[in-house]
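# Structural characterization, general
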Amino acid sequence: MKILLLGANGQVGHELRRSLAPLAEVVLTTRGGALDDGSPCEIADFDAPDALPVLIDRIAPDVVVNAAAYTAVDRAESDRDAAFRANAEAPQRIAEACVARDALLVHYSTDYVFDGTGKRPYREEDPTCPLGVYGESKLAGERAIQASGARHMIFRTAWVYAAHGKNFMRTMLRLAAERDELRVVADQTGTPTSAALIADITAAVLARPYDHSGIWHLTASGATSWHGFAEAIVAAAHDRGLIAAAPRVVAIASTDYPTPAKRPGYSCLDTARLSSDFAPDLPEWRDALMSTLDELVSAATN
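Below is a summary of the structure that appears in this document. (Residues numbered from 1 in each chain as written. Predicted model: local features only at pLDDT ≥ 70, side-chain atom pairs only at ≥ 80, totals over all residues. Heavy atoms only, no water.)

For the rest of this paragraph, the subject is the overall build of the protein. The secondary structure content of the protein amounts to 9 helices and 13 strands. Taken over C-alpha atoms, the radius of gyration comes to 19 Å for the protein, in line with the 19 Å a tight globule of 302 residues would show. Of the contacts made within the protein by residues no fewer than 6 positions apart, 76% connect residues no fewer than 24 positions apart. Accessible area of the protein: about 13,300 Å², with a carbon and sulfur share of 49%. Side-chain charges in the protein split into 29 positive and 40 negative, and the spacing between the mean points of these groups amounts to 2 Å. (Helix = DSSP H or I, 4+ residues; strand = E, 2+ residues; numbered from the N terminus. Rg over C-alpha atoms; globule rule 2.2 N^0.38 Å. Contact = heavy atoms within 4.5 Å. Areas by Shrake-Rupley, 256 points an atom, 1.4 Å probe, with all protein chains shown as cover. Lys, Arg positive; Asp, Glu negative; His and termini not counted. Charge placed at Lys NZ, Arg CZ, Asp CG, Glu CD.)

Strand order across the open sheet formed by 7 strands is β3-β2-β1-β4-β5-β6-β11, with parallel pairing between neighbours. Looking at which strands have only one partner, the edges of the open sheet turn out to be β3 (42-43) and β11 (214-217). Bridge analysis of strand β1 (residues 2-6) against strand β2 (residues 25-30) gives 4 bridges, and the strand direction is parallel. Paired with K2 across the two strands is E25, which belongs to β2. (Pairing = 2+ DSSP bridges.)

The parallel pair β1 and β2 is bridged by helix α1 (residues 11-20), and the resulting crossover is right-handed. Relative to β3, β2 is paired through 2 bridges, and the arrangement is parallel. In the sheet register, T30 faces β3, and the bridge partner there is I43. (Right-handed = clockwise from strand over helix to strand, strands pointing away.)

Mapped onto the elements, D45 comes out in the loop between β3 and α2 (52-59). A relative accessible area of 26% means that D45 is categorised as partly exposed. For D45 and A68, which are 23 residues apart along the polypeptide, the C-alpha to C-alpha distance reads 9.4 Å. Residues contacting D45, with those up to four places away along its chain left out, are R31 and L52. (Buried < 20%, exposed > 50% of the residue type's maximum accessible area, 1.4 Å probe, protein only.)

This part covers the packing of aromatic side chains. The tally for this structure, following the rule as stated, stands at 13 aromatic pairs. Ring geometry for Y112 and Y134: centres 5.8 Å apart, planes at 80°, overall edge-to-face. Within this pair, whereas Y112 is found in the loop between β5 (104-110) and α4 (133-148), its partner Y134 is found in helix α4, the two being separated by 22 residues in sequence. With relative accessibility at 10%, the residue Y134 sits in the buried group. Counting every residue linked through ring pairs, the aromatic cluster contains W159, Y161, F168, W226, F229 and W285. (Phe/Tyr/Trp six-rings, centres within 6.5 Å; stacked < 30°, edge-to-face > 60°.)

Encoded structure:
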């Protein structure tokens, strides 16, 4: 089996390099043609979607794993064309190329396809209603893949973080080292999900035969607010010596922290379909956070 991994430098892509390696030959791509350690790789520029089928035809993969996306939620509000090129047009071209060679397409989407007015975790078949351009573009990508006729597995996930890259956890660690007080939104609820978990579940799914296309929700278990997530990050990081002192974490309302893009108030995802079809081990979000912080400790001591 040959796997083409798009977006190898991203949070999920970085972890997929690890998790997919035992399964097959993995061909790595980034936008600029270099990995984060400077070593060369294939170029896959999502700002030029028409070039992607040429790449797929040349590499001739059995599976394409698309971990690349435009994820700047607020910037997307003023950069709609770029968001749709990367999140809708590029997946459409990728899917069409997969049809041509009967390759499986694995693609990641987001909780932001929902409006956040739900009272229970969202199921895959629940009505979608994005609140902003980012969610709209990701939903358009889902629909383009479904309409293409490609064999596909779309995993919606949420609140992604990792020991590397730009994410909420790393931002909180940086600010906690600089400030005595952190003010964090407490009226948005979701499930923090580590990139390592997403990558591990993806590899486990690909390691076994499965013939059906569809959408699955993939997150850790449990729920919290951004404020609760920040409290857990600060306390556990302080316990591990990653920060010298633990600042106060003050709960605020979304209205106290206005952003260009509106966020869903509630965006927990129901993972029952994933559990039924693949029986994965989905840890509680706190346990996954502890594992990620332990990874940072290990990296600091090696």
